[in-house]
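Report on the structure
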Amino acid sequence: MSRFWRPGSERPQPSSLSVLEDDEPGFLPFSTLASNSSYGYGGLERHRQRLPVFKYRTAILYLLETHATTIIVGETGSGKTTQIPQHVLDTTWRGVSLSRLVLMFVSQGSWLGRWWAGSSLYPTQKIGSSVASRVAEEMDVKLGEEVGYTIRFEDLTKSAVTRIKFLTDGVLLREMMDDPLLSKYSVVMVDEAHERSLSTDMLLGLLKKIQRRRPELRLIISSATIEAKSIAAFFNQSKKKLPASRDFGPSREPAILSVEGRGYDVQIHFLEEPVSNYLQAAVSTVLDIHNQEPMGDVLVFLTGQDDIDAAVQMLTDEAQNLAAHRSGLLVLPLYAGLSRAEQELVFSPTPRGKRKVVIATNIAETSLTLEGMVYVVDSGFSKQRFYNPITDIESLVVAPISKASARQRAGRAGRVRPGKCFRLYTEEYFESEMPLEGIPEMQRSNLVSCVIQLKALGIDNILGFDWLASPSPEGMIRALEVLYSLGILDEDSKLTSPTGFQVAEMPLDPMLSRMIISGSQFGCSEEMIIIAAFLSLQSIWVIGRGTQKELDEAKQGFAVAEGDHITYLNVYKGFLLSGKSSQWCHKNLINYQAMKKVLEIREQLHKLVQRLGLVLKSCGQDTQVHKDAHESDLFIYVVRKAITSGFFAHACRLESSSHGGMYKTIRTSQEVYIHPSSVLFRVTPKWVVYHSLVSTDCQYMRNVIAVDSSWFTELAPHFFQI
């Protein structure tokens, strides 16, 4: 193995605030090596002063005063997220009325880009609220007053009191609908911009437009990677002529400030030869570390739950076979869908005499801080979502990571003492073949929600919008087609009234929003809201506890032949009848925290639907739709029809009953199968519609419901013909 500090770069040297470099205007080359003395063990104030970003307080405020846009490059752990808002709040400067600072907190792009993806492990909502809580603690104020947060379905702020507000990019985009120029905010900070989520890229383009109208608005964009120059070039408006009345104030050329966040050196090791099985190589490397290296926790980056569960099992078995004096391995997984108890194990202190091994997805790259990690094992791969607008299929693909991600992963090893990073690929591959940056989510995602957001903000020329990374024309055309078919856009590609504007107000996938609106027309809006709340989460079932057979049996207690959506209504009814009991959830292998979230989302959607003037009604209150049906049949009939009115574009027809049933999508004739998690997995109805389509070894439909084919031409004659 080879040993490096940081491949391709010199060891950074301490430096102090200096004049601007002649060859790079606006760039301040700051770098710091953190002190080796008791980092993080003093009081709050002592801890703040030890953070690398603390010594650049004066520089940050100077650049913020003199430049409209300041880009801060600082690795995770530098303190930029929690400290910069406090530095700005503590100081006022000429020409800026500091009425409120917004810190917009951004997490993993793969989870953020979808309005419906609400239950990933420690999603942005949880991270944003926990950071707000930390800042409130450091400022010695009550959370929700001077410091607050706004996330989807929850607002803990006071308009006349809150000075620092943490929120997600999606929430800020929705605020723009009421206040397009963000006139009540003085400073907007976009954190973790390097993750390039769909919403973040859209937000950066909108903030650039706002700055042209509001030159006094200050932007702080923080990134953990070296793409700061491209972001600076994007925001550089110094050569654009402004009206004479606005040609004053701060420089319109962005400034870049670099802050080194790593406290200690990290030795980099590469493999001498490529490996054919990165999973086995990762397990072997962990065992070598345990046998040969001093005590210290290990962080292993793998691609997803299957790989992680396999590695955990292999290491656990190996630990049990070790001699008594060498059996100190504590192996823990970290991925989406873990129970709260399993999450807390990961973040709890390592027991004395034990070596904690956390095997994680790329959620541990930037969004979460795992203290105590000394060794990192980097597989070189991650699982990413790629959307094909031609086939309308979203695939989870195991793909090579970028150099930026590799550096992020290595940086996790140097937080508490000098560490080591073991890369399961060769140095030659890293230098010659690994891409510099990852593909932005804008270029690999379904753009439907993006398009409707821009339309709602009055931006009709979407292809002419100033993008940081241009989306594909095929993706845009597909998004416009879907929105037109749902009656959200008219022939002129403008929002329809009232449907289009109502859908734009809902923080949901447009198909879910259209389903709720149809529910109001069919007299079952209450049921549609509950179903939408369930579909806003990844899963309500406890994965991993017990066997698959036990989970299937638990589902059958609620299952109906019509499909998953009606099954969710049965689960909801059972939860209410149990008195919202956690014991009831435990008995039925249902995630109690997920059910609490369903109740919260249902309550917020209920208020939103009322505000939009839609009729709130349960289909149990009206039996006139299908008089010759029994009440239960009528209930299911109405609900299924309302769901179909939102998801008719996801219609599929059964082609073969063998091998679990093979279906073909009506729109693209793709071969698809019912996902094993569906209650219809072993049932083969002739016609179905699905909520989402994912691709692994084949194309699977998730959340499926049986429908009547005659409904398609009735509900969407513009989309179907006999």
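Residues numbered from 1 in each chain as written. Predicted model: local features only at pLDDT ≥ 70, side-chain atom pairs only at ≥ 80, totals over all residues. Heavy atoms only, no water.

Brief notes about the overall build of the protein chain
For the protein chain, the helix and strand inventory stands at 25 helices and 23 strands. Across the 722 residues that make up the protein chain, the buried fraction comes to 58%. Restricting to contacts in the protein chain with at least 6 residues of sequence separation, those with at least 24 account for 73%. Entry remark: accessible area of the protein chain is about 30,200 Å², with carbon and sulfur atoms responsible for 50%. (Helix = DSSP H or I, 4+ residues; strand = E, 2+ residues; numbered from the N terminus. Buried < 20%, exposed > 50% of the residue type's maximum accessible area, 1.4 Å probe, protein only. Contact = heavy atoms within 4.5 Å. Areas by Shrake-Rupley, 256 points an atom, 1.4 Å probe, with all protein chains shown as cover.)

Structural notes on helix H3 (residues 80-89)
Buried residues dominate H3, accounting for 10 of its 10 residues. For H3, the full list of buried residues reads Lys80, Thr81, Thr82, Gln83, Ile84, Pro85, Gln86, His87, Val88 and Leu89.

Re the packing of aromatic side chains
One pass over the full model with this rule turns up 17 aromatic pairs. Geometrically, the ring pair formed by Phe465 and Trp467 is edge-to-face, given 4.7 Å between the ring centres and 70° between the ring planes. Aromatic pair Phe575 and Trp584: ring centres 6.1 Å apart, planes at 45°, arrangement tilted. For the pair shown, Phe575 and Trp584 are each scored as buried. Taken together, Trp541, Phe558, Phe575, Trp584 and Tyr592 form an aromatic cluster joined through their ring pairs. One cation-aromatic arrangement involves Arg423 over Phe430; the distance from NZ or CZ to the ring centre is 4.7 Å. Geometry around Phe386 places Arg444 over its ring, the cationic atom sitting 5.6 Å from the centre. (Phe/Tyr/Trp six-rings, centres within 6.5 Å; stacked < 30°, edge-to-face > 60°. Lys NZ or Arg CZ within 6 Å of the ring centre and 35° of its normal.)

As for empty space enclosed by the protein
Taken as a whole and assessed by the stated rule, the structure comprises seven cavities of 30 Å³ or more. As a volume, the second largest cavity reaches approximately 80 Å³. For the second largest cavity, the lining is made up of 10 residues, of which Ala68, Gln211, Arg212, Gln237 and Arg252 are closest to its centre. Taken together, the residues of the lining of the second largest cavity sort by class into four nonpolar, four polar and two charged. (1 Å grid on protein atoms, 1.4 Å probe; cavity = no way out; pocket = protein on both sides within 12 Å on 5 of 7 lines; lining within 4 Å. Points joined across faces, edges and corners; volume = space filled by probe spheres on them. Nonpolar A, V, L, I, M, F, W, Y, C, P; charged D, E, K, R; others polar.)

Here we look at the pattern of salt bridges
Per the counting criterion, the structure on display carries 20 salt bridges. The partner of Asp378 in a salt bridge is Arg409, and the shortest N-O contact between them spans 2.7 Å. Here Arg409 lies in helix H13 (residues 403-411) and Asp378 lies in strand S15 (residues 373-378), a separation of 31 residues in the sequence. The partner of Glu526 in a salt bridge is Arg602, and the shortest N-O contact between them spans 3.2 Å. Remark: Arg602 occurs in helix H23 (residues 592-611) and Glu526 occurs in helix H19 (residues 525-535); sequence separation between them is 76 residues. (Salt bridge = Lys/Arg side-chain N within 4 Å of Asp/Glu carboxyl O.)

Regarding helix H21 (residues 564-577)
Along its 14 residues, H21 runs 20 Å from first to last C-alpha, staying within 8% of the 20 Å computed at 1.5 Å per residue. Of all 14 residues making up H21, 10 are buried, and the element is well covered by its neighbours. Turning to H21, its buried residues are Asp564, His565, Ile566, Thr567, Tyr568, Leu569, Val571, Tyr572, Gly574 and Phe575. Just downstream of H21 lies Gly579, where phi reads positive at about 75°. (Expected span 1.5 Å × (residues − 1).)

Let's talk about the packing of H19 against H23
Following both chains from N to C, one finds H19 and H23 inclined at 135°, their axes separated by 8 Å at the closest point. As judged from the angle between their axes, H19 and H23 are oblique. H19 and H23 meet at a crossing whose hand is right-handed. From H19, Glu526, Ile529, Ile530, Ala532, Ala533 and Phe534 reach across to H23, where they touch Met595, Val598, Ile601, Arg602, Leu605, His606 and Val609. (Axes fitted to C-alpha atoms, helices over the stretch in contact; angles between N-to-C directions. Parallel < 35°, antiparallel > 145°, perpendicular 65-115°, else oblique. Left-handed = near helix turned anticlockwise from the far one by under 90°.)

Describing the side chain of Lys641
The topology assignment puts Lys641 in helix H24 (residues 631-647). Among residues more than four places away in sequence, those in contact with Lys641 are Phe522, Trp711, Glu714 and Leu715.

Section: the confidence of the model for the protein chain
Averaged over all residues, the pLDDT of the protein chain equals 81, while 82% of them reach at least 70. Predicted confidence is poor over residues 106-125, with pLDDT under 50, and the contacts of this stretch with residues over four places away or in other chains come to 80 contacts. (pLDDT = per-residue confidence, 0-100.)

A short note on the environment of Ala716
Among the secondary structure elements, Ala716 is positioned in the segment after helix H25 (710-715). Counting along the chain gives 68 residues from Ala716 to Phe648, while the straight-line C-alpha distance between them is 7.4 Å. Discounting residues that sit within four places of it in the chain, Ala716 has contacts with Phe648 and Trp711.

Details of unusual backbone geometry
Here Ser497 and Pro498 are connected by a cis peptide whose omega angle stands at 5°. Here Pro498 is to be found in the loop between helix H16 (473-485) and helix H17 (499-505). One non-glycine residue, Ser669, lies in the positive phi region at around 60°.

Some remarks on the environment of Val448
Topologically, Val448 is positioned in helix H15 (residues 448-456). Along the chain, Val448 and Ile477 lie 29 residues apart, while their C-alpha atoms are 9.7 Å from each other. If sequence neighbours within four positions are ignored, Val448 has contacts with Ala479, Val482, Leu483 and Pro510.

With respect to the packing of helix H6 (residues 169-178) against helix H7 (residues 198-213)
It is the contact of H6 with H7, at a shortest axis distance of 9 Å, that shows an interaxial angle of 40°. With respect to H7, the element H6 is oriented oblique. Helix-helix and strand crossings are classified by hand; for H6 and H7 the assignment is left-handed. Each of Asp169, Gly170, Leu172, Leu173 and Met176 in H6 lies in contact with H7, whose residues at this interface are Ser199, Thr200, Met202, Leu203, Leu206, Leu207 and Ile210. Split into classes, the residues belonging to the contact of H6 with H7 amount to eight nonpolar, three polar and one charged.

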